[in-house]
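# Fold and geometry: a report
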Amino acid sequence: MLVTNRFVVDVDVTDEFTERAHAALTALAARPGYLRGQLVRALDDPRHWCLVTEWESVGTYRRALGGFDVKITAVPLLAESVDEPSAYEALANAAPGGDVVVAASDRAAGPYR
């Protein structure tokens with residue numbers, strides 16, 4: 001499961017934002033089910049940032065949000081992200097040079113279309 005939280009950050013508060021985002025990423029990384037995460041910034045507009053994390057399942061992500069350190073550091077930051085859907089299930093993937101492998105959706109009886 002992939003979670004993408006997008007942010008629009010004024011240039012004059014970039015240092016404060018990145019410090020808070022690093023703390024949030026550290027707290028999330030300590031939770032069971034966390035696989036990896038990144039803080040990324042748009043190349044074309046340095047005001048646009050994204051905190052991207054990958055989780056074993058939607059359940060591990062939701063449980064992670066209940067952890068004390070996450071509630072203190074990550075949740076307040078995530079509340080400032082752009083108000084849009086942020087949690088995505090993986091429905092297809094391909095290894096380098098490999099074929100596309102389609103996965104069943106947890107929301108539907110079969111693969112997406």
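Residues numbered from 1 in each chain as written. Predicted model: local features only at pLDDT ≥ 70, side-chain atom pairs only at ≥ 80, totals over all residues. Heavy atoms only, no water.

The name that an unreviewed UniProt entry assigns to the protein chain is Antibiotic biosynthesis monooxygenase, with the source organism given as Micromonospora peucetia.

What the rule picks out here adds up to 4 aromatic pairs. Taking 5.3 Å as the distance between ring centres and 85 degrees as the angle between the ring planes, the aromatic pair formed by tyrosine 34 and tryptophan 55 counts as edge-to-face. Here tyrosine 34, found in strand 2 (residues 34-41), pairs with tryptophan 55, found in strand 3 (residues 48-55); they are 21 residues apart in sequence, far enough to count as distant. Exposure remark for tyrosine 34: the relative accessible area of 18% places this residue in the buried category. Aromatic rings pair up to connect Phe7, Phe17 and Trp49 into one cluster. (Phe/Tyr/Trp six-rings, centres within 6.5 Å; stacked < 30°, edge-to-face > 60°. Helix = DSSP H or I, 4+ residues; strand = E, 2+ residues; numbered from the N terminus. Buried < 20%, exposed > 50% of the residue type's maximum accessible area, 1.4 Å probe, protein only.)

Next up on the list: the layout of surface pockets. Put simply, the largest pocket is a space of about 270 Å³. Residue lining of the largest pocket: 13 residues in total, with Met1, Val58, Tyr88, Glu89 and Asp106 positioned closest to the centre. Its residues assigned to classes, the lining of the largest pocket comprises 6 nonpolar, 2 polar and 5 charged. (1 Å grid on protein atoms, 1.4 Å probe; cavity = no way out; pocket = protein on both sides within 12 Å on 5 of 7 lines; lining within 4 Å. Points joined across faces, edges and corners; volume = space filled by probe spheres on them. Nonpolar A, V, L, I, M, F, W, Y, C, P; charged D, E, K, R; others polar.)

Taken as a whole and judged by the stated rule, the model has 4 salt bridges. A salt bridge links arginine 6 to glutamate 84, with the nearest nitrogen and oxygen atoms 2.5 Å apart. With arginine 6 in strand 1 (residues 2-8) and glutamate 84 in the loop between helix 3 (68-78) and strand 4 (87-88), this pair connects stretches of sequence that are 78 residues apart. For glutamate 84, a relative accessible area of 30% gives the class partly exposed. We note a salt bridge from arginine 47 to aspartate 45, for which the minimum N-O separation is 2.8 Å. By relative accessible area, arginine 47 is classed as partly exposed at 34%. On the accessibility criterion, aspartate 45 (21% relative accessible area) is partly exposed. (Salt bridge = Lys/Arg side-chain N within 4 Å of Asp/Glu carboxyl O.)

Attention now moves to the environment of histidine 22. Relative to the assigned elements, histidine 22 resides in helix 1 (residues 14-29). Under the relative-accessibility criterion, histidine 22 is labelled partly exposed at 47%. Residues histidine 22 and threonine 73, spaced 51 residues apart in sequence, show a C-alpha to C-alpha distance of 9.4 Å.

Okay, the nonpolar core next. A general feature of soluble globular proteins is that nonpolar side chains tend to end up buried together. If you look at the biggest cluster of nonpolar residues, it comprises 20 residues, and the most contacted ones within it are Phe7, Phe17, Leu28 and Trp55. Only strand 1, helix 1, strand 3, helix 2 (58-64) and helix 3 provide two or more residues apiece to this core. Looking at this core, the element that brings in the most residues is helix 1, giving 6 residues. Beyond its immediate chain neighbours, meaning those up to four positions away, leucine 28 contacts Tyr34, Leu51, Thr53, Trp55, Val70 and Ala74. (Core = buried A, V, L, I, M, F, W, Y, C linked by side-chain atoms within 4.5 Å. Contact = heavy atoms within 4.5 Å.)

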